[in-house]
Amino acid sequence: MARMSKRAFNNVVIFAMLGMIFLFNINSFLPSATAPASIPLLPKDGYVLKIEQGSHKLERVGQQWRWSGVRQTLVSTPEQHIDVWRQATMDMAKPPRSVLQTEPLITVVWLAGATQGRVYAIVPAANKVWIQFDSDWYMLNQVTIDELLPWLGDSEEM
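What you see is a predicted model; the values in this text were computed from it and never measured.

As a further point, take the pattern of salt bridges. In a structure, side chains of opposite charge can pair up when their charged atoms sit close to one another. Scanning the entire structure with this criterion turns up 3 salt bridges. Of the charged contacts, one joins Glu59 and Arg66 as a salt bridge, the two residues approaching to 3.1 Å between their closest N and O atoms. A relative accessible area of 41% places Arg66 in the partly exposed class. The shortest N-O distance in the salt bridge between Asp83 and Arg86 comes to 3.9 Å. Residue Asp83 and its partner Arg86 are located together in helix H3 (residues 78–87), separated by 3 residues, close to a single helical turn. Here Asp83 falls in the partly exposed class, since its relative accessible area comes to 34%. Overall, the relative accessible area of 34% leaves Arg86 in the partly exposed class.

Set out below in structure tokens:
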């Protein structure tokens, strides 16, 4: 058996401790994971009760949906409109300065079981839809403003 001096044994203990510290903190040494590619606009298990934007409203009444404040016939049905909100995804992105200086369309989505509505600041710009939610900016994927808020084309309101 090999004999070690007290100094050599202390060095072994020191390097063993450094190795343990490295193993316990290995997550901090690895690069952090990137953000998810796409985030759903609404939670997967969210049950939509009402969508409000200005004087326009789409709300659940029993098993049916009812438009309020819409003065023209819309192309989409309320069920199709809700499906667009449920299937929409968004990516975190930094908006251009023009988007930050544009007055957003404030939209509130009320979900079952939530004490407060989810507030979205929506800014349509250059064939893209920018959304501010929880102080972060996102760009909507493959959804137009007309699909998201179909009543914006209501000529009597504009």
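After that view, the rundown keeps rolling.
Turning to the pairing of strand E2 (residues 48–53), a few remarks are in order. Note that E2 and strand E6 (residues 105–111) share 5 bridges and pair antiparallel. Opposite Ile51, over in E6, you have Val109 as the bridge partner. Here E2 runs beside strand E3 (residues 56–61); their pairing, made up of 4 bridges, is antiparallel. Bridging across to E3, Gln53 finds its partner in His56. Hairpin connection from E2 to E3: 2 residues lie between these consecutive antiparallel strands, with Gly54 at a positive phi of about 65°.

Moving on: the side chain of Asn141. Here Asn141 is to be found in strand E9 (residues 136–141). Within the structure, the side chain of Asn141 is placed 3.4 Å from the side chain of Asp91, a separation counted as a polar contact.

Looking now at the side chain of His56. Within the fold, His56 resides in strand E3. For His56, the side chain forms a polar contact with the main-chain oxygen of Gly69, separated by 3.3 Å.

Thresholds, definitions, all that
- Residues numbered from 1 in each chain as written.
- Predicted model: local features only at pLDDT ≥ 70, side-chain atom pairs only at ≥ 80, totals over all residues.
- Heavy atoms only, no water.
- Salt bridge = Lys/Arg side-chain N within 4 Å of Asp/Glu carboxyl O.
- Buried < 20%, exposed > 50% of the residue type's maximum accessible area, 1.4 Å probe, protein only.
- Helix = DSSP H or I, 4+ residues; strand = E, 2+ residues; numbered from the N terminus.
- Pairing = 2+ DSSP bridges.
- Polar contact = N/O pair within 3.5 Å; in protein donor to acceptor, adjacent residues only side chain to side chain.

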